[in-house]
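If you want the building blocks of each chain, they are given just below.
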Amino acid sequence: LGGAGEIGAAGYALVFSDGEEDKCVLLDCGLHPDPRAGFTHLVPDFYLLDGIAEPDAVIISHCHHDHVGALPIFKRKYPNAKIFMTEESAIVYPFVFEDSKKLIEAQRIDSRYLIDVEDVKDAPSVTSVKFGKDFEIIKGVKGRFYRAGHIFGAGAIFIYPENHNRDWNLLFTGDIKLEDQFFIKKCKIPENLKPKILICETTEAGEKQILRYETAVERIKNTINKIATKKGNVLIPVTALGKTQEI
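Presented here is a report on the structure given in the accompanying data block. Remember, it's a predicted structure, so these values are computed and weren't measured experimentally.

Another aspect to go through is the side chain of histidine 64. Assignment of secondary structure puts histidine 64 in the loop between β3 (55-59) and α2 (65-68). A relative accessible area of 16% places histidine 64 in the buried class. If we ignore the near neighbours within four places in the chain, the residues touching histidine 64 are Gly69, His150, Ile151, Thr239 and Leu241.

Structure, rendered in structure tokens:
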């Protein structure tokens, strides 16, 4: 529904059918960080689901705006849908929600998605889940969060059928980090987990050489020390959740 080939408005729809009724589960529900993109791309295009299946649940991988920022719009359109996220994400989401309201108010363009911020004064209620604990997403479908690294609370989501005779499963990584950071440790996905379907965030997958964490730390330290010896000032603009804690 959004986020393919770009950063922002992440949203992936899974449709399950038992032959009688279709059920839909969303993976992430983000805002686009660039208001110039227009509202068609500012949020996942939920209207693509019209006539297919109304979402019964949404699972949030982590609390960056490009993955969670559109929840107020989603909840306005689908008030009965359940929202799942990790316990850590549930702690920080109310703070992220306040920023989401401001972004939605400032960037609203398409009348299909217009909402009055007064109608979403409070963050939508969520179901928090422990890492490694199995939980029911919808009838017949279960999920499990694994630590994804990246930021506080980030989780990769393993989805599988309750009936083990059904031969499918899926892993959605969200944003993952394969190296330890100062504050957040690297992802912890079991090596023996063999997903049949993998949906992976690949922002840097096309890069021939990815900047390693230790190299980035040394580069920042050297730059700060160089400027400090000249009695200069350093301004480091970073995201509030994740990079700020690392700095």
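Checked against the element boundaries, histidine 67 lands in helix α2. Judged by its relative accessible area of 1%, histidine 67 falls in the buried class.

Moving on, we come to the sheet that holds β3. Whenever strands of a sheet pair, they do so through backbone hydrogen bonds, lying parallel or antiparallel. Ordered by their spatial adjacency, five strands build an open sheet running β1-β2-β3-β4-β5, and the pairing between neighbours is mixed. Unpaired on one side and paired on the other, β1 (12-17) and β5 (127-129) mark the two borders of the sheet. Looking at each pair of strands side by side, their axes are set apart by 25 degrees on average, direction ignored. In terms of strand pairing, β3 meets strand β4 (residues 82-86) through three bridges, oriented parallel. The residue of β4 that forms the bridge with isoleucine 59 is phenylalanine 84.

A few words now on the pairing of strand β6 (residues 135-138). Here three bridges tie β6 to strand β7 (residues 141-147), and the two strands are oriented antiparallel to one another. From the neighbouring strand, glutamate 136 faces β7, where its bridge partner is lysine 142. Hairpin connection between β6 and β7: a loop of two residues separates the two successive antiparallel strands, and glycine 140 in this loop has a positive phi of roughly 90 degrees.

Structurally, the position occupied by tyrosine 12 is in strand β1. Spatially, the C-alpha atom of tyrosine 12 lies 5.0 Å from that of leucine 27, the residues being 15 residues apart in sequence. Ignoring any residue separated from it by four or fewer positions in sequence, one finds tyrosine 12 in contact with Gly2, Gly3, Val25, Leu26, Leu27, Asp28, Phe172 and Glu201.

Moving on, we come to the pattern of salt bridges. This structure, assessed with the given rule, holds seven salt bridges. For glutamate 87, the salt bridge identified is with lysine 130, shortest N-O distance 3.5 Å. In this pair, glutamate 87 is assigned in helix α4 (residues 87-107) and lysine 130 in the loop between β5 and β6, connecting sequence segments 43 residues apart. Overall, the relative accessible area of 32% leaves glutamate 87 in the partly exposed class. Across the salt bridge formed by lysine 221 and glutamate 218, the nearest N and O atoms sit 3.3 Å from each other. Remark: glutamate 218 and lysine 221 occur in helix α5 (residues 213-229); sequence separation between them is three residues, near one turn of the helix.

Here we come to α5. Helix length check: α5 (17 residues) gives 25 Å between terminal C-alpha atoms against 24 Å at 1.5 Å per residue, within 8%. Two residues or fewer past α5, lysine 231 is found with a positive phi of approximately 55 degrees.

What follows concerns the nonpolar core. In terms of nonpolar packing, the biggest core is built from 35 residues, with Cys29, Val58, Ile60, Cys63, Leu71, Phe74 and Tyr93 touching the most fellow members. Taken together, the elements giving at least two residues each to this core come down to β2 (22-27), α3 (71-77), β4, α4 and β8 (155-161). Broken down by element, the residue count for this core peaks at four residues, all from α4. Sequence-distant contacts of valine 58, that is, excluding residues within four places in its chain, are made with Leu26, Asp28, Cys29, Leu71, Phe74, Lys82, Ile83 and Phe84. Formed by 18 residues, the second largest nonpolar core is a distinct cluster that contains Leu27, Phe84, Val141 and Ile159.

A separate point is the pairing of β3. The element β3 is extensively covered by neighbouring structure, given that four of its five residues are classed as buried. Alignment of β2 against β3, held across four bridges, turns out to be parallel. From the neighbouring strand, valine 25 faces β3, where its bridge partner is alanine 57.

This part is about the sheet that holds β8. As summarised here, the arrangement of the five strands in space is β6-β7-β8-β9-β10, forming an open sheet in which the pairing is mixed. At either end of the open sheet lies a strand with only one pairing partner, and these are β6 and β10 (197-199). Strand-to-strand twist across the sheet, computed as the mean angle between neighbouring axes with direction ignored, equals 25 degrees.

Calculation criteria
Residues numbered from 1 in each chain as written. Predicted model: local features only at pLDDT ≥ 70, side-chain atom pairs only at ≥ 80, totals over all residues. Heavy atoms only, no water. Helix = DSSP H or I, 4+ residues; strand = E, 2+ residues; numbered from the N terminus. Buried < 20%, exposed > 50% of the residue type's maximum accessible area, 1.4 Å probe, protein only. Contact = heavy atoms within 4.5 Å. Pairing = 2+ DSSP bridges. Axes fitted to C-alpha atoms, helices over the stretch in contact; angles between N-to-C directions. Salt bridge = Lys/Arg side-chain N within 4 Å of Asp/Glu carboxyl O. Expected span 1.5 Å × (residues − 1). Core = buried A, V, L, I, M, F, W, Y, C linked by side-chain atoms within 4.5 Å.

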